[in-house]
Amino acid sequence: MSRKKIELTDKVAKLTDKYLETNDTDFNDLINKALKLYLLDHLSSSQIKDALKKTEDFTSEYAGKWFQESIEDLNKY
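Residues numbered from 1 in each chain as written. Predicted model: local features only at pLDDT ≥ 70, side-chain atom pairs only at ≥ 80, totals over all residues. Heavy atoms only, no water.

*Asks:* So what's going on with the overall build of the protein? Residues and values would help.
*Replies:* For the protein, the helix and strand inventory stands at four helices and zero strands. Secondary structure elements of the protein, listed N to C terminal, follow the sequence α-α-α-α. Within the protein, contacts between residues separated by at least 24 positions form 37% of all contacts whose residues are at least 6 apart in sequence. (Helix = DSSP H or I, 4+ residues; strand = E, 2+ residues; numbered from the N terminus. Contact = heavy atoms within 4.5 Å.)

*Asks:* Lay out the confidence of the model for the protein in plain terms, naming residues and giving numbers.
*Replies:* Within the protein, residue pLDDT values average 82, and 71% of them lie at 70 or more. Helix H4 (residues 60–75) is the least confidently modelled element of the protein, averaging 65 in pLDDT, while helix H1 (residues 10–22) averages 96, the highest of any element. (pLDDT = per-residue confidence, 0-100.)

*Asks:* Describe in detail the side chain of Thr16, supporting the description with residues and values.
*Replies:* Among the structural elements, Thr16 can be located in helix H1. Of the residues examined, Thr16 reaches a relative accessible area of 9% and is grouped as buried. (Buried < 20%, exposed > 50% of the residue type's maximum accessible area, 1.4 Å probe, protein only.)

*Asks:* I'd like a rundown of the pattern of salt bridges, residues and numbers included.
*Replies:* Using the criterion set out here, one finds two salt bridges in the structure. We note a salt bridge from Lys5 to Glu7, for which the minimum N-O separation is 3.7 Å. As far as burial versus exposure is concerned, Lys5 and Glu7 are alike and both exposed. Here Glu21 ties to Lys18 by a salt bridge, and the two come within 3.6 Å at their closest N and O atoms. Note that Glu21 and Lys18 are positioned in helix H1 at a spacing of three residues, about one turn of the helix. Relative accessible area serves as the criterion here: at 48%, Lys18 is assigned to the partly exposed category. (Salt bridge = Lys/Arg side-chain N within 4 Å of Asp/Glu carboxyl O.)

*Asks:* Any chance you could break down a nonpolar patch on the surface for me, citing the residues and the numbers?
*Replies:* Together, Leu35, Tyr38, Leu39 and Leu43 give the surface a local cluster of nonpolar side chains, amounting to about 360 Å² of exposed area. Secondary-structure assignment places Tyr38 in helix H2 (residues 27–42). For Tyr38, a relative accessible area of 47% puts it in the partly exposed group. (Patch = residues over 30% accessible without salt bridge, like charges linked within 9 Å, V, L, I, M, F, W, Y side chains within 5 Å. Areas by Shrake-Rupley, 256 points an atom, 1.4 Å probe, with all protein chains shown as cover.)

*Asks:* If you had to explain the environment of Asp26 to someone new, which residues and values would you point to?
*Replies:* Mapped onto the fold, Asp26 is located in the loop between H1 and H2. For Asp26, a relative accessible area of 36% corresponds to the partly exposed category.

Set out below in structure tokens:
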């Protein structure tokens, strides 16, 4: 798994702390879920499929399943 450094603004850090305090999740899970939803909202389906196709450990069967689950996640909101 790739490791990235992020820097939160003061307001985002305060909101993050409050969310983590009130919900049973950890910071990495929160960031991954939020970033995934953001990217799915801002990339086209062909861009998503193309990006996932380029990863070495991502088979097309899994990519299709992941894409469908992601769409279902977005429909919850």
